Each structure stands twice: as structure tokens, then as C-alpha cells.
Amino acid sequence: INAEYMGKQKMEGKGECDAVLIGLESAGKTLLVRRLKDLKSPIEPVTTPTNGIEVDSFPYEGLIFEVREAGASMIPSWEQLLGNSSLIIFVVDAEDSSKFADALLELRALLYSKDNPLLLIFNKCDSPLAEPITSLTAFFGLKKLAFRFREFEWRFVSALTGMNCLSVAKWIAIKTKSIDSGKKKRKTVPCC
């Protein structure tokens, strides 16, 4: 992994956001990044698998957020990549029930090994082939996970149509502002 992508990247004039976007193969990570860059316009649905890490940015609420998308081939390196990230976004393909068990294992590993705010995204929820929301909620044990992990949330979205993608951008903004204000508070606390 290229070290420049591993550390936090602070760019002049940009809000500090070091979110990493991960998920199993064909979950729709690249399309989600495209959608976050443009929440309103139609987007090209054809993508190619991401090899390695792609860094992209998008504006929202007067800030520019940088997101590192890790291709599914990077699963063995996720631990390293996540070590320097403040926010984790984990994408699951709601159409592909054959990958749910693996996705759940990866999700639990993330939750138990990291304290970072984590957003679970069920993508392609508008598809007639998608599992019903009630089934996804039950299979992934979302209510139990939310009770156990304070910084865990989930969204049901469609990166293709933009359904609920605004809520993803809002989550990134809220969590980034919360982290930034926590850093400022820690800096001003007198010692001794």
C-alpha cells in the first residue's frame, strides 16, 4: 500500500475527513463515490473493479471531504488502511445474498477491532432483486449491533438512483464535525 494513502491527508482549504470506503466485490463502492460527488445528476452506471486504493473528494456543506475507496482485492490490507482513518463506510450489496455471511464476518471484525464511527450501507435497495429491509435488518442483527456499538449506524441506499445518498453525505459531515470539535476541545483543556 502506498504510504501517502495510509496517513491522514490534510489539504489546504479542505475539511479534514479521512473516511475509508470498503466492502466486498461488486457492492457498489465506486458508484457510491460517484454519487457522493454529484447527489443530483444522473451518473454512468458502468464501473470497473477498483484495484488498490482510489482517493476522491466531494463537496458538502461548504467543506470538501476526501474518501479513500479500497477495492475488494485490498481486504488483506484493510487493517493497515483503517488504522489511520477516522470514519469507516462499509458497503454491502443488498442484491447478493450469497455474500451476506462474508460481509457480516467482515463487519463484525471491523466493529470489534475499531472504535471509529462506522456506517454500514446496504446498496441497491431499490432493486427488485434486493433482499427486503426487514430481512437485512434481521440477518445482520442491526439492532443488537447498534446497542453494542455506540458509533455504528446503517443506511439503505441506491448509489445508482441516489436514494438516501444525501443521508450518507450528512453522516460524513456530522461525524467529521464531531471529531473536529472533539480535537479542538482536547487542545484547549488545561493540564494539571
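One can find the structure itself at the top, above this paragraph.
All values reported here derive from a predicted model rather than from experimental measurement. Residue indices follow the written sequence of each chain, beginning from 1 at its first position. Given that the model is predicted, a residue must reach a pLDDT of at least 70 before its local features are reported, and side-chain atom pairs must reach 80 or more before they are shown or counted; all residues, however, enter totals for whole chains, interfaces and linings. Side-chain calculation: all heavy atoms of the structure are included, whereas hydrogens and water are not.

1. Some remarks on the overall build of the protein
Across its full length, the protein carries seven helices and six strands. Here a strand is any run of E in DSSP of at least two residues, a helix any run of H or I of at least four, and the numbering for each starts at the N terminus. Secondary structure elements of the protein occur, N-terminal to C-terminal, as α-β-α-β-β-α-β-α-β-α-α-β-α. Burial analysis of the protein (192 residues in total) assigns 45% to the buried set. What makes two residues a contact is simply this: any of their non-hydrogen atoms within 4.5 Å. When contacts within the protein are restricted to residue pairs at least 6 apart in sequence, those whose partners lie at least 24 apart make up 69%. Carbon and sulfur atoms provide 54% of the accessible area of the protein, an area that totals close to 10,300 Å². Relative accessibility under 20% of the residue-type maximum defines a buried residue, over 50% an exposed one, and the middle range a partly exposed one, all with a 1.4 Å probe and only protein chains included. Using the Shrake-Rupley algorithm and a 1.4 Å probe, accessible areas are obtained, with residue cover drawn only from the displayed protein chains.

2. Observations concerning the packing of helix α4 (residues 100-113) against helix α5 (residues 133-140)
Packed helices, taken two at a time, are described by the angle between their axes plus the distance between the axes. Inter-axis angles, ranging from 0 to 180 degrees, are taken between N-to-C directions of lines fitted to C-alpha atoms, where helices are fitted over the stretch in contact. One can describe the packing of α4 onto α5 by two numbers: an axis separation of 10 Å at closest approach and a directional angle of 50 degrees. With respect to each other, α4 and α5 are oriented oblique. Once α4 is placed against α5, the crossing between them reads as right-handed. In this structure, α4 uses Phe100, Ala101, Ala103, Leu104 and Leu107 to contact α5, whose residues at the interface are Leu136, Phe139 and Phe140. Any angle between 65 and 115 degrees counts as roughly perpendicular, while under 35 counts as roughly parallel, over 145 as roughly antiparallel, and the rest as oblique. Take the far helix as the reference: if the near one is turned anticlockwise from it by less than a right angle, the crossing is left-handed, and if turned clockwise, right-handed.

3. Let's talk about the pairing of strand β5 (residues 118-123)
Look at any regular strand and the pattern is simple: side chains alternate between the two faces of the sheet. Taken across its six residues, β5 has six buried, putting it largely inside the fold. Where burial is concerned, the two faces of β5 agree: the one with Leu118, Leu120 and Phe122 and the one with Leu119, Ile121 and Asn123 are both buried. Where strand β4 (residues 87-93) and β5 come together, six bridges link them in parallel fashion. For Ile88, the partnering residue across the bridge sits in β5 and is Leu118. Handedness of a crossover is defined as follows: with both strands directed away from the viewer, a clockwise route from the first strand across the helix to the second makes it right-handed. For the handedness criterion, the β-α-β arrangement of β4, α4 and β5 is classed as right-handed. Pairing between strands is defined by DSSP: at least two bridges between them are needed.

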